[in-house]
Amino acid sequence: MSTMVVSKDGTIKYALSANDGFIAAIDPGQTFKVECAINVNDGTIRHVGQQLTPADVTLPFVNGATGPIEVRGAKPGDMLTIEVLNMKVEGLGFSSLWPGIGIFPDWVRHKEFGIKTQVVEVKDGIVHWNDKLKLPVRPMIGVIGVAPVHGAVLTVDNGTHGGNLDVQEITTGNKIMLRVHHDGAHLFLGDCHAIQGDGECVGMGAVEIAAELQGTDALVRVGEDRDGHQVVAHRQLAAVERRAAGDAELLAAALALEQAARLELVAGAAAAGRAHR
């Protein structure tokens, strides 16, 4: 089966929805490559030393994702698994502190500090932060998701469909599992980072960069038996299987931290119960 290459030219979206026409189609088990633009749009970051201004960024037209890609045969209720095989990041990236953006918008800094931008070169697997500080590349995908149950969700947000998850575990060698809500799944990918810590609390705190992703997909029907256990595609959670660690993480998206924690606790307890039957 040949590798499908999906270009970012003319295919970037700023909302995940089932209303847009498919830009490409892949079969379960097929390897594919997807080009992803930098989160503030290609051409915005031009040179090391550049400082972004409000004119450079128009909210909510950020975190553009390539898609939607049709997964042939995907039906509502199925569990779609995307395995990240490789990520290629090279060229200019940036990190920025921006007034009012992030989980704690003005706790870390004050609005009068203005916009602070660090443009960096990413080359040969190294983030060249400055002349002294060099960081090994640890690329990850910020936006990965399928079309939501109803309507459209901006790429700056997340939910039960995935979306702007921004967890560093969505990286090479790992698998992300999402519940399908519409025929064809409507897969979107974008907002890649050369390196990021645990979450992106300040909004643009990772090293944002364009990327080329290589992955493969699989579909599992709800109710299908795997190793003696019935497969359940959770209605409110995504999951990441970490190959190196040999475990899995549950991802819950909610407006309140307490609500997300409750979803994960209940689902984790149910999964543990099924595993020990």
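Rules behind the numbers
- Residues numbered from 1 in each chain as written.
- Predicted model: local features only at pLDDT ≥ 70, side-chain atom pairs only at ≥ 80, totals over all residues.
- Heavy atoms only, no water.
- Helix = DSSP H or I, 4+ residues; strand = E, 2+ residues; numbered from the N terminus.
- Buried < 20%, exposed > 50% of the residue type's maximum accessible area, 1.4 Å probe, protein only.
- Areas by Shrake-Rupley, 256 points an atom, 1.4 Å probe, with all protein chains shown as cover.
- Pairing = 2+ DSSP bridges.
- Polar contact = N/O pair within 3.5 Å; in protein donor to acceptor, adjacent residues only side chain to side chain.
- Phe/Tyr/Trp six-rings, centres within 6.5 Å; stacked < 30°, edge-to-face > 60°.
- Salt bridge = Lys/Arg side-chain N within 4 Å of Asp/Glu carboxyl O.
- Core = buried A, V, L, I, M, F, W, Y, C linked by side-chain atoms within 4.5 Å.
- Contact = heavy atoms within 4.5 Å.
- pLDDT = per-residue confidence, 0-100.
- Disulfide = S-S within 2.5 Å.

So, about the overall build of the chain. Scanning the chain from terminus to terminus reveals 1 helix and 23 strands. Across the 277 residues that make up the chain, the buried fraction comes to 45%. Approximately 13400 Å² of the chain is accessible, and the part contributed by carbon and sulfur atoms is 53%.

This brings us to the pairing of strand β16 (residues 175-179). In terms of burial, β16 is a largely internal element, 4 of the 5 residues being buried. When strand β7 (residues 79-88) meets β16, the two strands line up antiparallel, connected through 5 bridges. For Ile82, the partnering residue across the bridge sits in β16 and is Ile176.

Secondary-structure assignment places Asn164 in strand β15 (residues 162-164). For Asn164, the side chain forms a polar contact with the main-chain oxygen of Val156, separated by 3.2 Å.

As a further point, take the pairing of β7. Burial of β7 is extensive: 7 of the 10 residues sit out of reach of the surface. Here β7 runs beside strand β19 (residues 211-220); their pairing, made up of 9 bridges, is antiparallel. Among the inter-strand pairings, Leu80 is bridged to a residue of β19, identified as Leu219.

Next up on the list: the packing of aromatic side chains. If you walk through the whole model with that rule in mind, you get 1 aromatic pair. Residues Tyr14 and Phe61 carry aromatic rings whose centres are separated by 5.5 Å and whose planes lie at 90 degrees to one another, so their mutual orientation is edge-to-face. Of this pair, Tyr14 sits in the loop between β2 (12-13) and β3 (15-17) while Phe61 sits in the loop between β5 (31-36) and β6 (65-71), placing them 47 residues apart in sequence. With relative accessibility at 44%, the residue Phe61 sits in the partly exposed group.

So, on to the pattern of salt bridges. The tally for this structure, following the rule as stated, stands at 3 salt bridges. Where Arg72 meets Asp27, a salt bridge forms, and the shortest distance between an N and an O atom there is 3.2 Å. Note that Arg72 is positioned in the loop between β6 and β7 and Asp27 in the loop between β4 (24-26) and β5, a separation of 45 residues in sequence. Of the charged contacts in the structure, one is a salt bridge between Lys75 and Asp183, with a shortest N-O distance of 3.9 Å. Of this pair, Lys75 sits in the loop between β6 and β7 while Asp183 is found in the loop between β16 and β17 (187-193), placing the two residues 108 residues apart along the sequence. You can call Lys75 partly exposed: its relative accessible area is 41%. Overall, the relative accessible area of 45% leaves Asp183 in the partly exposed class.

Of all hydrophobic cores here, the largest spans 41 residues; its most connected members are Leu80, Val122, Ile141, Ile144, Ile176 and Leu189. Per-element accounting of this core gives the leading share, 4 residues, to β7. When sequence neighbours within four positions are dropped, the list of residues in contact with Ile141 reads Val84, Met87, Val167, Ile170, Leu189, Gly190, Asp191, Cys192 and Leu213. Core analysis: the second largest hydrophobic core is formed by 12 residues, Val40, Val62, Phe94 and Met204 among them.

In the predicted model, the chain carries a mean pLDDT of 87, and the fraction of residues at 70 or more is 86%. Across residues 228-232 the pLDDT falls below 50, and counting only partners more than four positions away or on other chains, this stretch makes 14 contacts in the model.

Let us now look at unusual backbone geometry. In this model, Leu59 is joined to Pro60 through a cis peptide bond whose omega is 5 degrees. Secondary-structure assignment places Pro60 in the loop between β5 and β6. Unusually for a residue other than glycine, His186 sits at a positive phi of about 65 degrees. As for its placement among the helices and strands, His186 is situated in the loop between β16 and β17.

Here the structure, examined in full by the defined rule, presents 0 disulfides. No disulfide involves Cys36; its nearest neighbouring cysteine sulfur is the one of Cys192, lying 4.1 Å away. Among the residues examined, Cys192 registers a relative accessible area of 1% and is labelled buried.

Checked against the element boundaries, Asn174 lands in the loop between β15 and β16. Discounting residues that sit within four places of it in the chain, Asn174 has contacts with Ile82, Glu83, Val84, Glu169, Val240, Glu241, Arg242 and Arg243.

Attention shifts here to the side chain of Asn174. Of the residues examined, Asn174 reaches a relative accessible area of 10% and is grouped as buried. A polar contact of 2.7 Å, which involves the side chain of Asn174, links it to the backbone oxygen of Glu169.

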